[in-house]
Amino acid sequence: MEQFTALKIDNWQDRAGNVIAKIPGKSSERAMAITAHKDEIGMLVKSIDSNGCLHVRRLGGSKCSLEELEICGVRPGTKVVIGNHRIQPFRLNDYIASYTLDNKASVAILLELAAKIIAPPVDIYLVASAKEEVGAIGALYFTQNQKLDALIALEICPLADEYPIESGEAPVLLSQDNYGVYDEFLNAEIRQAAKKADIPLQLAVIDGFGSDASIAMKFGHVSRGACLSFPTQNTHGYEIAHLGAIANCIEVLATYCMTVH
Ligand SMILES: [Zn+2]
């Protein structure tokens, strides 16, 4: 929020926890939004045994006594994430490596877009959405309350043998995921913006996945949704992505936002 304010862009946090920045368009008759979820995959404490070991859904183990845990407010149902000391991004040549690149890299893209998009043709909302990993709850709340012509979600795209995606600088535009088919006309506009910016795009259909955009479309909150992503290794683990793909997402979306009509 401080960074949006430093750019003199109106911003606020809504009741669902979304952080929203609004860049007014030359015309306010239409509006579109770009979301980057600000939450990360974590763990939930299921139970605490007599040795003070935490039993969580994905990882276990704690070196605290029962009393220390209680003082810290740790109880069944407490949410757990990997400590900050282990999630500092690390640069490997042209790649960036970190836990929770999903979706901190996309939030970084939003901040860059905030600096680049000046006087767009329509209102642009940049939304750091809450609770995406538990069902796109923040994006659903936002899209229920804000009428939009289009919603583009920023995501990571898993690099896996089953997908025809290559690591490197080319962002990935999704055609379909578990929640449905993305809007082909919006996708065509994004491909056109990429062409204008001279940036190659990869296309993919992804399984076992839903984004803010596909879920908001499925619930009827927005009619046109798209998902722009960057190829990432080890999704939801120690994630590695090409910095060029992240930078190219910025260029594609900035070009799109400045030429949308
Ligand atoms: Zn994500």
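Residues numbered from 1 in each chain as written. Predicted model: local features only at pLDDT ≥ 70, side-chain atom pairs only at ≥ 80, totals over all residues.

Student: Can you tell me about the environment of Val252, naming the residues and giving the values?
Tutor: If you trace the backbone, Val252 turns up in helix H7 (residues 243–259). A C-alpha to C-alpha distance of 44 Å links Val252 and Gly73, two positions 179 residues apart in sequence. Not counting residues up to four positions away in its chain, the partners in contact with Val252 are Pro171, Ile190, Ala193, Ala194, Ala197, Ile199 and Leu228. (Helix = DSSP H or I, 4+ residues; strand = E, 2+ residues; numbered from the N terminus. Contact = placed C-beta atoms within 7 Å.)

Student: Describe the nonpolar core, with residues and values.
Tutor: Ranked by internal contacts, the top residues of the largest apolar core, which has 66 residues, are Leu113, Leu151, Leu228, Cys249 and Leu253. Ranked by residue count, the leading element in this core is H7, at 9 residues. Apart from residues lying up to four places away in sequence, Leu253 is in contact with Ile34, Leu113, Ile152 and Leu228. (Core = buried A, V, L, I, M, F, W, Y, C linked by C-beta atoms within 7 Å. Buried ≥ 20, exposed ≤ 12 C-beta atoms within 10 Å, placed from the backbone.)

Student: If you had to explain the domain arrangement of the protein chain to someone new, which residues and values would you point to?
Tutor: Assigned domains within the protein chain: domain 1 (2–42 + 86–259) and domain 2 (43–80). Centre-to-centre, using C-alpha coordinates, domain 1 lies 34 Å away from domain 2. (Domains from an automatic or database assignment.)

Student: Go over the packing of helix H3 (residues 101–116) against H7, please, and point to the residues and values.
Tutor: The interhelical angle for the contact between H3 and H7, taken along N-to-C directions, is 40°, at an axis separation of 10 Å. Classed by the angle they form, the pair H3 and H7 counts as oblique. The handedness of the crossing between H3 and H7 is right-handed. Across from Ala105, Ile109, Glu112, Leu113 and Lys116 in H3, the residues of H7 making contact are Ile246, Cys249, Ile250, Leu253 and Ala254. Counted by class, the contact of H3 with H7 contains 8 nonpolar, no polar and 2 charged residues. (Axes fitted to C-alpha atoms, helices over the stretch in contact; angles between N-to-C directions. Parallel < 35°, antiparallel > 145°, perpendicular 65-115°, else oblique. Left-handed = near helix turned anticlockwise from the far one by under 90°. Nonpolar A, V, L, I, M, F, W, Y, C, P; charged D, E, K, R; others polar.)

Student: Any chance you could break down unusual backbone geometry for me, citing the residues and the numbers?
Tutor: For the bond from Asp102 to Asn103, the omega torsion is 20°, close enough to zero to count as cis. Within the secondary structure, Asn103 is located in helix H3. Of note, the phi angle at Asn93 is positive, near 50°, even though the residue is not glycine. Structurally, Asn93 is set in the loop between strand S7 (90–92) and strand S8 (95–99). We note that Thr100 has phi near 55°; this positive angle belongs to a residue other than glycine. When you line up the elements, Thr100 lands in the loop between S8 and H3. Taking the C-beta count within 10 Å as the criterion, Thr100 has 19 such neighbours and is therefore assigned partly exposed.

Student: So what's going on with helix H4 (residues 137–145)? Which residues, and what values?
Tutor: Of all 9 residues in H4, 7 are buried; the element is thus mostly enclosed. Along H4, the positions that sit buried rather than exposed are Ile137, Gly138, Ala139, Leu140, Tyr141, Phe142 and Thr143. Structurally, H4 contributes buried residues whose contacts are with strand S3 (27–37), strand S9 (122–129), strand S10 (150–158) and helix H6 (212–218).

Student: With reference to specific residues and values, describe the pairing of strand S14 (residues 225–233).
Tutor: With respect to burial, S14 is a largely interior element, 8 of its 9 residues being buried. Pairing between S10 and S14: 8 bridges, direction parallel. Across the sheet, residue Ala153 finds its bridge partner in S14, namely Cys227. Pairing geometry for strand S11 (residues 172–177) and S14, over 2 bridges, is antiparallel. (Pairing = 2+ DSSP bridges.)

Student: Account for the environment of Leu110, with residues named and values stated.
Tutor: Topologically, Leu110 is positioned in helix H3. Each C-alpha atom of the pair Leu110 and Tyr256 lies 14 Å from the other, and the pair is 146 residues apart in sequence. Setting aside its immediate chain neighbours within four residues, Leu110 contacts Ile34, Ala36, Leu126 and Ala128.

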